[in-house]
Amino acid sequence: MGWNEEDHGLKPYQAANLSALLSLRNGANFSVPGAGKTTVTFALHLLSRDQADRILVAAPKNAFPAWEEIIDECLLPTASGELRAPFQTLTGGEARIRESLQAGGKRFLISYDQLVRVDSLIGHYLATRAVHLVLDESHRMKAGYTSLRGASLLRMGHLAIRRDILTGTPMPQSSSDMQSQLDFLWPGAGLGFRISRGEEPRKVMDGLYVRTTKSDLQLPERKRVFVPVTISDAHCAFYAVLRDDLRAQASKLYRGTSAKALIATRRSVVRLLQAAVNPALVAQSLDEVASPEKSGLLRAVLQEGATERVRQSAALAERLVAQGKKVLLWTIFTSTVHQLRDLLSHLNPALIYGQIDMGDEDDDESRQGQLRRFKTDPNCHVMIANPAAAAEGISLHLQCHDAIYVDRSYNATHFLQSIDRIHRLGLPDEVDTTIYVMQNRLPSGIGSIDVSVSRRLGQKIRNMEKLLDDRDLHELALDEENAPLSIADELDARDIDDIVAEIENRAPQLSDEEAV
């Protein structure tokens, strides 16, 4: 089939995964980023063409380049034109997509957001052609019928001749995340129902998936460093007031189950996340919690300028750059991206966040252009990124070995996947990868949302460890993303319970081993 064995031969673990998946009618590849899920799936497509000669890959846009480049990476120039047919991206609305599907091509890419808008058209295509349907970053459909994305995929999935899902984090929140993915793979088999009844996902999934771990890849160990930050008195007082607001909102939630109370409580949690790192963010929604006390404290904090946490994050980046290193800074809030950009302007930072389009490498203002600058421009020393926009489909392990988490959310997938941007296959043995996690040092009894986030991330990662039998996850395994509509949408009831227990001093203490 023209496979380039000399430059891109399958590694033993990839060949083993391919063999296992070929033995299944539909399959799941839960390997860590960098293990070659795209390569294995493309090989699977080639070897399954007698069943389904067409392939449609639904993926986040950040994953498109990997699929677009797979032909040249894996196949020799002398391979037949049919085998070297490129992947075409389906964009531009229903009429244009219909035209592309009818033009004779057999390999297509479509974003999840675009698929939802043309689901009837895609469903008709699957029903009238022999198609191999692949979901890349399949955890994006974890909400199942409660989301447009999940509902569309569950309705059309059974129409494909073969189905495969790819993700390194198949259950970002809990075992229920697996239900929709299993029902997509094996409709009518009742696997999702068995999980909903409380069966262990690992038992239900036995023999139906493959996974290559970081231990299999023999990656050098990463280091994790917690950096405590002593905040100002005004900052601490403002945080404490918002903590009390959260406690009051949670009390209302526990007295009833109204959607309004849940929304209000989630907003309070997000405000506390904002207040912990950048109180200026709270000013945008202060009307909801306005009082003379809050307004006065906020003014006092804003007069101090950037918080100590933001300043120390920037100072740490400068120290690492002075050692000749390139540095990646992660923050969940766009305003903090801009704040760090101003503090580190002399280091010519690259930026990636939601408002920056994908574009191409020739455009410095696009995500691809920003990535190119960070990788190749010796004067671009730092990249400041939002995990929702950059924790997926990006490889920086050859250029950067130090990441600073200015803040983190409760989204385990964002955290795991973002670390894998710099800790993945191809990392030289002698290179140290260091993860710095900034955390506020608060007076006893106040209750730290940083500690709550750490505790919940640890619990979610350990849940995935039970499914995947991967010890690396116990030590902080790292993988992919979910891209929710907002940070508040990431919060489940247990996240809220945990932060309320933390601020009421009822939460268990974290051991060094449990901290994430």
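Quick caveat: nothing in here was measured; it's all calculated off a predicted structure.

## Let's talk about the sheet that holds strand β4 (residues 107-110)
Strand order in this open sheet of seven strands is β3-β4-β2-β5-β6-β1-β7, and the pairing throughout is parallel. Two strands bound the open sheet, and with one partner strand each, they are β3 (88-89) and β7 (209-210). Bridge count between strand β2 (residues 54-58) and strand β5 (residues 131-136): five bridges; the pairing is parallel. Directly across from Leu56, in β5, lies its bridge partner Leu133.

## Examining the pattern of salt bridges
One pass over the full model with this rule turns up 17 salt bridges. Close ionic contact of Arg311 with Glu308 constitutes a salt bridge, the shortest N to O distance being 2.9 Å. Of this pair, Arg311 and Glu308 both sit in helix α16 (residues 308-322), three residues apart, roughly one helical turn. With relative accessibility at 35%, the residue Arg311 sits in the partly exposed group. By relative accessible area, Glu308 is classed as partly exposed at 26%. When the shortest N-O distance is used, the salt bridge between Asp450 and Arg309 registers 2.8 Å. Linking Asp450 in helix α21 (residues 449-468) with Arg309 in helix α16, this pair joins segments that are 141 residues apart in sequence. Taking the relative accessible area as the measure of exposure, Asp450 reaches 10% and is therefore buried. Beyond isolated ion pairs, a larger network of salt bridges with shared partners links Asp53, Arg54 and Lys106.

## A word on the sheet that holds strand β11 (residues 382-385)
A sheet is described by the order of its strands in space; here six strands give the open sequence β8-β13-β12-β9-β11-β10, paired in parallel fashion. The open sheet is flanked by β8 (222-230) and β10 (350-352), the only strands paired with a single partner. Neighbour-to-neighbour, the strand axes of this sheet turn through a mean angle of 20°, independent of strand direction. The sheet contact formed by strand β9 (residues 327-330) and β11 spans four bridges and is parallel. Counterpart to Leu329 in the pairing with β11 is Ile384. Relative to β11, helix α17 (residues 334-343) is tilted by about 160°, and along the sheet it contacts β9, β10 and β11. Of the strands in this sheet, β9, β10 and β11 are in contact with helix α18 (residues 367-376), which crosses β10 at around 145°.

## Focus on the packing of aromatic side chains
Inspection of the entire model under this criterion finds six aromatic pairs. Ring centres of Tyr405 and Phe415 lie 5.1 Å apart, and the angle between their planes is 75°; on these two criteria the pair is classed as edge-to-face. You can see Tyr405 sitting in strand β12 (residues 402-405) and its partner Phe415 sitting in helix α20 (residues 412-419), a full ten residues away along the chain. Note on accessibility: Tyr405 and Phe415 belong to one class, buried. Through successive ring pairs, a cluster of aromatic residues spans Trp330, Tyr405 and Phe415.

## Observations concerning the state of the cysteines
One pass over the full model with this rule turns up zero disulfides. Cys400 supplies the cysteine sulfur nearest to Cys380, a cysteine that is in no disulfide, at a spacing of 11 Å.

Rules used throughout
Residues numbered from 1 in each chain as written. Predicted model: local features only at pLDDT ≥ 70, side-chain atom pairs only at ≥ 80, totals over all residues. Heavy atoms only, no water. Pairing = 2+ DSSP bridges. Helix = DSSP H or I, 4+ residues; strand = E, 2+ residues; numbered from the N terminus. Salt bridge = Lys/Arg side-chain N within 4 Å of Asp/Glu carboxyl O. Buried < 20%, exposed > 50% of the residue type's maximum accessible area, 1.4 Å probe, protein only. Axes fitted to C-alpha atoms, helices over the stretch in contact; angles between N-to-C directions. Contact = heavy atoms within 4.5 Å. Phe/Tyr/Trp six-rings, centres within 6.5 Å; stacked < 30°, edge-to-face > 60°. Disulfide = S-S within 2.5 Å.

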